[in-house]
Amino acid sequence: MKIAGIYLAAGQSKRMGCSKLSIELEPNRRLGGIALERALQSSLDHIVIVTRREEGVEWLPTTLKKVEGRRLRSIHCLDADKGMAHSLRSGLQKACEQEVPEAVVVMLADQPFITASMIDGLIQSFMKRPQLDYCAVGCMGAPRPPVLIARSMFEAVGQLEGDEGARALFFLPHYSGMVIEEDEHYRFLDADTPEELERVRFYYLKG
């Protein structure tokens, strides 16, 4: 069963005031690359990195450049300014380019605390119950990224607009899924503002 990853790294960083994915949490460890390194330790078949048209992947760890073209692919989202739905759509199209996977796992590049085991937990749950439309990691029952989206939802994901993420589809009555509770709630932290970045840095350096 082929499961691909979509790594959303096309945000504008407006509230941060600078390109947040290039921010170092410690020497030579940039925010944007940490979750990607962990995702590559999972059983995902390959991962599509979605970036903005005018930005490169200077935050990509040097050690990962050797796997580009094998497990790592990238695409520039030409209309990323219109919202997350457009980045997600671009990533999904790229993930399906050579062979349509059974599902994709969507991850956010500014969430440095996700782990390979979280991703593999989603994959294993889906493999046990392939009739599900989605699996998500959750906090008190609420789904959070990373999320696994089955092929049965690909068409609906492709019709999303603006900042609407796939999570909006989870509450529709004709889709069924499951939420895997994550006890360590700091793992959902992201860095959209300087204040949130400091909180991320605190937990990161704490170990």
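The model shown is predicted, which means the values in this text are computed figures rather than measured ones.

Peer 1: Explanation requested: unusual backbone geometry in the structure shown.
Peer 2: A negative phi angle is the norm for most residues apart from glycine, just as the trans form is the norm for most peptide bonds. Here the bond from Pro145 into Pro146 is cis, since omega is 5°, no more than 30 degrees from zero. Here Pro146 lies in strand β8 (residues 142–150). The backbone phi angle of Asn28 is positive, close to 65°, even though this residue is not glycine. For Asn28, the location among the structural elements is in the loop between β2 (24–26) and β3 (29–30). Phi is positive for Met140, close to 55°, though the residue is something other than glycine. On the basis of relative accessible area, Met140 is assigned to the exposed category, the value being 71%.

Peer 1: Even after reading the chapter, I still don't get the environment of Pro101, so can you show me in this structure?
Peer 2: Position of Pro101 relative to the elements: it lies in the loop between α2 (84–95) and β6 (103–108). Among the residues examined, Pro101 registers a relative accessible area of 0% and is labelled buried. For the pair Pro101 and Phe188, spaced 87 residues apart in sequence, the C-alpha to C-alpha distance is 26 Å.

Peer 1: Is there a simple way to explain the packing of aromatic side chains in this structure?
Peer 2: The geometry of an aromatic ring pair comes down to the distance between the two centres and the angle between the two planes. Inspection of every chain in the model, using the stated rule, returns five aromatic pairs. When the ring of Tyr7 is compared with that of Trp59, the centres are 6.2 Å apart and the planes differ by 40°; the resulting orientation is tilted. Here Tyr7, found in strand β1 (residues 3–9), pairs with Trp59, found in the loop between β4 (47–52) and β5 (72–77); they are 52 residues apart in sequence, far enough to count as distant. Ring plane angle 70° and centroid distance 5.3 Å describe the contact between Phe113 and Tyr186, whose orientation is recorded as edge-to-face. With Phe113 in the loop between β6 and α3 (116–128) and Tyr186 in the loop between β9 (177–181) and α5 (194–206), this residue pair connects regions lying 73 residues apart in the sequence. According to the relative accessible area criterion, Tyr186 is partly exposed, its value standing at 23%. These aromatic residues form a ring-pair network of at least three members: Phe113, Tyr186, Phe202 and Tyr203. If you follow Arg144 out to its NZ or CZ, it ends over the ring of Phe188, 5.5 Å from the centre.

Peer 1: What is the right way to read the layout of surface pockets from this model?
Peer 2: Over the atoms a probe the size of a water molecule is rolled, and this reveals where empty space is left. A volume near 220 Å³ is recorded for the second largest pocket. Surrounding the second largest pocket, 13 residues form its lining, Asn28, Arg29, Leu60, Pro61 and Thr62 being those nearest its centre. Listing elements by their share of the lining of the second largest pocket, those giving two or more residues are β3 and α1 (31–39). Top contributing element to the lining of the second largest pocket by residue count: α1, with three residues.

Peer 1: Sorry if this is basic, but what is going on with the environment of Val200 here?
Peer 2: If you trace the backbone, Val200 turns up in helix α5. The spatial distance from the C-alpha of Val200 to the C-alpha of Pro146 is 17 Å, given a sequence separation of 54 residues. Not counting chain neighbours up to four residues away, the residues in contact with Val200 comprise Leu25, Pro112, Phe113, Leu189, Asp190 and Ala191.

Conventions adopted
- Residues numbered from 1 in each chain as written.
- Predicted model: local features only at pLDDT ≥ 70, side-chain atom pairs only at ≥ 80, totals over all residues.
- Heavy atoms only, no water.
- Helix = DSSP H or I, 4+ residues; strand = E, 2+ residues; numbered from the N terminus.
- Buried < 20%, exposed > 50% of the residue type's maximum accessible area, 1.4 Å probe, protein only.
- Phe/Tyr/Trp six-rings, centres within 6.5 Å; stacked < 30°, edge-to-face > 60°.
- Lys NZ or Arg CZ within 6 Å of the ring centre and 35° of its normal.
- 1 Å grid on protein atoms, 1.4 Å probe; cavity = no way out; pocket = protein on both sides within 12 Å on 5 of 7 lines; lining within 4 Å.
- Points joined across faces, edges and corners; volume = space filled by probe spheres on them.
- Contact = heavy atoms within 4.5 Å.

Any functional reading would require information that these geometric values do not contain.
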